[in-house]
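Tertiary structure, described
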Amino acid sequence: MKQDSDAVTIPVCYISNHEGFHGSIKNFIKDFVVTEIDVTGQRVNTAAATQTPDCASPDKYEETSAECKWKNHSSVSQDTDVAADCGLDVTVPSPGSFDLSVILGQSVSEELEQFVLTLKEKPTKQELSLGSFADKHHRANVHRAVRHRFPFLMTVTIQPEIRVREDPDYRELSHLVTEDEAEDFFRFIDAKVRGSSYTFGPDDDKEHRTAVHHFLSRRFGKLVETKSFTDQGTTAISVRLREQGRPKKRTAEERKEEEVYTAFTLRKENLETLEAISYMAAALGVLPSDFTYAGIKDKRAITYQSMVVKKVSTQRLKEKTAEFEKRGMRLSQIRSISEPLRLGRLQGNHFDLVVRDLRPHGAGDAHSSGADTHTRLAALVNEALENVKGRGFVNYYGPQRFGSVHSVQSDRVGLALLKEDMVSAVRLFFTPEDGNDPQNHAKRHFIQTDNAKESLALMPLSKARERLMLRALNRYGTGPDGCTQAWLSLPHSMRVFYPHAYCSRVWNEAVAHRLTTLGHSARRGDLVWIQEDTGETSSAQIHVVTDQEEHEGVYTLGHVLLPMPGNTVKYPENAMGTWFQERLARDGLDDCRFRIGSLKLNLPGCYRPLLASPSNLSYQLQRAGCGEGGGEVTGNSSRNSDRQLNGSTAEGKEDSLTLTLNFDLDSSCYATICLREIMKCDP
């Protein structure tokens, strides 16, 4: 085993002892292509991969091996949108979840903002037309978006036109309670989350409470019931939705809309998954949480993945495909289905990678002839790939899990959230990178001035997460409560990304320590999966390796698991258990319950194998100067060269070798980490 001390974020422990080689990746636009593999084993960019999510045969999915059982558990630690373990986020959606400038267009959005300012200054009975919308689902989304953003407005359809005017009920209520309470109450009424309630602020004036009760009963009596209650010496009014409180006609329409699910395959280029979702949600007038997917994909790559969006018809989605394509997103295989897609509902990912400008590590090869160098490189590549096929690689979380090299790492934001230091977490989130592009200029302005409104005006429309948080900070302030509201403005999947990034970093450090101190064999106290048969069924359970099993070599390093920190996992019963305790204590988390109640986040943890292995691996070596389809040195597959990103060929490298790799990895495994084991350096 060789350990590299140069890596800052990702420790490096190599399993094999081959020499490796230098090379570079992601130089060309198609040098890094990731294609999701669904639960049936089909790549999602093929015509065969159109099966309804979750309708695969139960026998197909309920695999019995311990390794497959791990796949199910590993979904809680995938690159982010990890919500499967935390339950549903039932908070009322934030008004910042919709970008009206995208839904309505910049000019109409500005007209609406000006109309609202006029209403605030001087109430009027005037109306504003938002335009005509032929598609009924689009109209429903416009109604929803405007009501979320401005709960004091009424939206009226005079088919196909939508008009807005001030809601007189809001004006009347705002004379009885604060404007913030009135807005929050109307948002609560409009969301109609079953079983939810809303509580006004403390009010010890009985006559005033009676006036509020009478108003709510008169205007919303069919929808809600109200009561006053006393707690710790103060009295307040609580409002609860009636069980059958929705008007019959609206219930039918909403139920029909809720049942609309549209599946599609997303091809994106140089975009984060969540960034793509945020843009599509804004353009379609739905919430980011209305999109479901199996896993997050790399940003700096061309990626293919399955997605499902609810409340959007196939026709409506097809109408937007040309607009999405301008943003680097191409949608295909658009079809209606009956249910959403579950996180972790994938078998893995297929990778088509190109490594360019191959060179041996040793300086002694610098003066060798081209033919000798190519022969030597071919031998190095073959040795490396055979080793990794046979022995695998250390299953680290990759660097993309933690953010770019120069930015504040996501794990530091996650640590602040786990400590419930919301202000620090927000400021870390908005810490700018080097450079003065619009995004970093807006971040820098916020850090320097604490002015969320001005920073929002500077923030590009494409930066959905930043804009959601700045809107909330502008509304609620930049103190602890305001920062909590800012985090709540993000969908559950975005919020949970950051604590999971911290836990992933701890896991990476744990692996490096485990291999350094306990070696490459299964040791007493290690954790492994075992099958437990209970007659008709079998299930995988965590087992602690015993002294006898260690001496008899019952388990290998490939069986060993390490826990991702959380509130339901078991820790190893050897030196690693103590290491986890000390590591968390060093960050002030010795008493952490891995729950963030104010953000509705729960981190149960999971188990992840120390090692991973590529499957279906093939490769090709080719001289860079030989053009498309020529110059093959060795390998068993053929790929054409791709267009270079910078439009030029590096001088002096025409006779260098290019390695094309094709392989599959299980979900939550990183191709860049596999490449590092192959090359014995960071690619």
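Residues numbered from 1 in each chain as written. Predicted model: local features only at pLDDT ≥ 70, side-chain atom pairs only at ≥ 80, totals over all residues. Heavy atoms only, no water.

Looking at the overall build of the protein chain
Rules: Each helix is a run of DSSP H or I of at least 4 residues and each strand a run of E of at least 2, with the numbering of both proceeding from the N terminus. Contacts are assigned to residue pairs with any non-hydrogen atoms lying within 4.5 Å of each other. With residues, only the protein chains shown are counted as cover, and all accessible areas are computed by Shrake-Rupley using a 1.4 Å probe.
Looking only at helices and strands, the protein chain features 23 helices and 26 strands. Restricting to contacts in the protein chain with at least 6 residues of sequence separation, those with at least 24 account for 72%. Of the roughly 30,400 Å² of accessible surface on the protein chain, a fraction of 46% belongs to carbon and sulfur atoms.

What to know about the packing of helix 18 (residues 464-476) against helix 19 (residues 480-488)
Defined as follows: Axes here refer to lines fitted to C-alpha atoms; in helices the fit is confined to the stretch in contact. Angles between the N-to-C directions go from 0 to 180 degrees. Put simply, angles under 35 degrees are roughly parallel, angles over 145 are roughly antiparallel, angles from 65 to 115 are roughly perpendicular, and the rest are oblique. Helix crossings fall into two classes, left-handed where the near helix is turned counterclockwise from the far one by less than a right angle and right-handed where it is turned clockwise. Each residue receives one of three labels: charged for Asp, Glu, Lys and Arg, nonpolar for Ala, Val, Leu, Ile, Met, Phe, Trp, Tyr, Cys and Pro, and polar for the others, Gly being one of them.
The geometry of helix 18 relative to helix 19 is characterised by a closest axis approach of 8 Å and an angle of 150 degrees between their N-to-C directions. Here helix 18 lies roughly antiparallel to helix 19, going by the angle between them. Helix-helix and strand crossings are classified by hand; for helix 18 and helix 19 the assignment is right-handed. Counting all contacts with helix 18, which are made through Met469, Ala472, Leu473 and Tyr476, the residues of helix 19 involved are Gly482, Cys483, Gln485, Ala486 and Trp487. Looking at the contact of helix 18 with helix 19 residue by residue, the class counts come to seven nonpolar, two polar and no charged.

Focus on the nonpolar core
The condition that has to hold: Throughout this description, the term nonpolar core refers to a set of buried Ala, Val, Leu, Ile, Met, Phe, Trp, Tyr and Cys residues connected via side-chain atoms within 4.5 Å. The buried label goes to any residue with under 20% of its type's maximum accessible area, the exposed label to any with over 50%, and the partly exposed label to all in between, with areas taken from a 1.4 Å probe on protein chains only.
Core analysis: the largest hydrophobic core is formed by 127 residues, its most contacted members being Phe21, Phe264, Met280, Phe291, Trp487 and Ile678. In terms of residue count, the dominant contributor to this core is helix 20 (residues 492-518) (14 residues).

A few points about the sheet that holds strand 5 (residues 128-132)
Our working definition: Any two strands between which DSSP finds at least two bridges are classified as paired.
One open sheet accounts for three strands, arranged 5-7-6; its pairing is antiparallel. The sheet is open, and its two borders are formed by strand 5 and strand 6 (153-158), each paired with just one other strand. Here the average twist between neighbouring strands, direction ignored, is 25 degrees. One ladder, built from four bridges, connects strand 5 with strand 7 (residues 161-166); its direction is antiparallel. Note that in strand 7 the partner of Gly131 across the bridge is Ile162.

Observations concerning the pattern of salt bridges
Put simply, the test is: Salt bridges are counted wherever a side-chain nitrogen of Lys or Arg sits within 4 Å of a carboxyl oxygen of Asp or Glu.
Within this structure, the stated rule accounts for 36 salt bridges. A cluster of three or more residues bridged by salt bridges with shared partners is formed by Asp411, Arg505, Glu509, Arg583 and Asp587.

Some thoughts on the side chain of Thr672
Of note, Thr672 is situated in helix 23 (residues 671-679). Look at Thr672 and you get buried, because its relative accessible area is 11%. Here Thr672 is in contact with Ile25, Phe32, Pro399, Gln400 and Pro683, once residues within four sequence places are set aside.

Quick notes on the environment of Glu466
For Glu466, the location among the structural elements is in helix 18. When near neighbours in sequence (up to four residues on either side) are disregarded, Glu466 contacts Phe429, Phe430, Gln439, Lys443 and Met459.

Points about the environment of Asn616
Worth spelling out the cut-off: Polar contact is defined as a pair of N or O atoms within 3.5 Å, subject to the rule that within protein one atom must be able to donate a hydrogen and the other to accept it, and that residues adjacent in sequence are counted only when both atoms are side-chain atoms.
Structurally, Asn616 is set in strand 24 (residues 615-623). Exposure remark for Asn616: the relative accessible area of 60% places this residue in the exposed category. Residues Asn616 and Asn662 lie 46 residues apart in sequence; the distance between their C-alpha atoms is 7.5 Å. Those residues in contact with Asn616 that lie beyond four places of it in its chain are Asn662, Phe663 and Asp664. At a separation of 2.7 Å, a polar atom in the side chain of Asn616 contacts the side chain of Asp664.

So, the sheet that holds strand 8 (residues 197-199)
Read across the open sheet, the three strands follow the order 8-10-9; overall the sheet is antiparallel. Each end of this open sheet is capped by a strand with a single partner; those strands are strand 8 and strand 9 (224-231). When strand polarity is set aside, the average angle formed by the axes of neighbouring strands in this sheet is 25 degrees. As paired strands, strand 9 and strand 10 (residues 234-241) are joined by eight bridges and run antiparallel to one another.

Some remarks on the packing of aromatic side chains
Just so we agree on the cut-off: Ring pairs shown here join Phe, Tyr and Trp side chains whose ring centres sit within 6.5 Å, with only the six-membered ring taken for Trp; geometry is labelled stacked below 30 degrees between planes, edge-to-face above 60, and tilted in between. Think of it as a cone above the ring: NZ of Lys or CZ of Arg counts as a charge over the ring if it is within 6 Å of the ring centre and within 35 degrees of the ring normal.
This structure, assessed with the given rule, holds 26 aromatic pairs. Ring geometry for Tyr397 versus Tyr670: centroids 6.2 Å apart, planes at 65 degrees, classification edge-to-face. Here the residue Tyr397 occupies a position in the loop between strand 16 (393-394) and helix 14 (410-418), and Tyr670 occupies one in the loop between strand 26 (657-666) and helix 23, the gap between them amounting to 273 residues. In this structure, Tyr397 and Tyr670 share a single accessibility class: buried. The interplanar angle of 80 degrees and the centroid separation of 6.1 Å between the aromatic rings of Phe429 and Tyr498 together place this pair among those described as edge-to-face. Highlighted residues: Phe429 in helix 15 (residues 422-429) and Tyr498 in helix 20, separated in sequence by 69 residues. For Phe429, a relative accessible area of 7% corresponds to the buried category. Through pairs of rings, three or more aromatic residues link up here, namely Phe150, Phe152, Tyr170, Phe185, Phe186, Phe188, Tyr198, Phe200, Phe215 and Phe220. Positioned above the aromatic ring of Tyr397, the side-chain terminus of Arg608 is 3.8 Å from the ring centre.

Focus: the confidence of the model for the protein chain
This is how it is decided: pLDDT: the predictor's confidence for each residue, scored from 0 to 100.
For the protein chain, the mean per-residue pLDDT works out to 81, and 80% of the residues sit at or above 70. Counting interchain partners and residues more than four positions distant, the pLDDT-below-50 stretch residues 245-250 has 10 contacts.

Description of the side chain of Glu181
Heads up, the rule is: His is not counted here, nor are the chain ends, while Lys and Arg score as positive and Asp and Glu score as negative.
The topology assignment puts Glu181 in helix 7 (residues 179-191). Despite its burial, Glu181 remains without a salt bridge, the nearest opposite charge being carried by Arg475 at 11 Å. Leave out the neighbours within four places in its chain, and Glu181 touches Tyr198, Phe200 and Gly201.

Some words on helix 8 (residues 206-220)
As a reminder, the rule being used: Take the residue count of a helix, subtract one, and multiply by 1.5 Å to get its expected span. This arc describes the spread of directions from the helix axis toward the C-beta atoms.
In a regular helix each residue adds 1.5 Å, so 15 residues correspond to 21 Å; helix 8 covers 21 Å between its end C-alpha atoms and thus fits that length. Turning to helix 8, its buried residues number three or more, namely Arg209, Val212, His213, Phe215, Leu216 and Phe220. The buried residues of helix 8 occupy an angular sector of 165 degrees when the element is viewed end-on, so they sit on one face. Helix 8 presents Lys206, Glu207, His214 and Ser217 as exposed residues on the side facing more than 90 degrees away from its buried surface.

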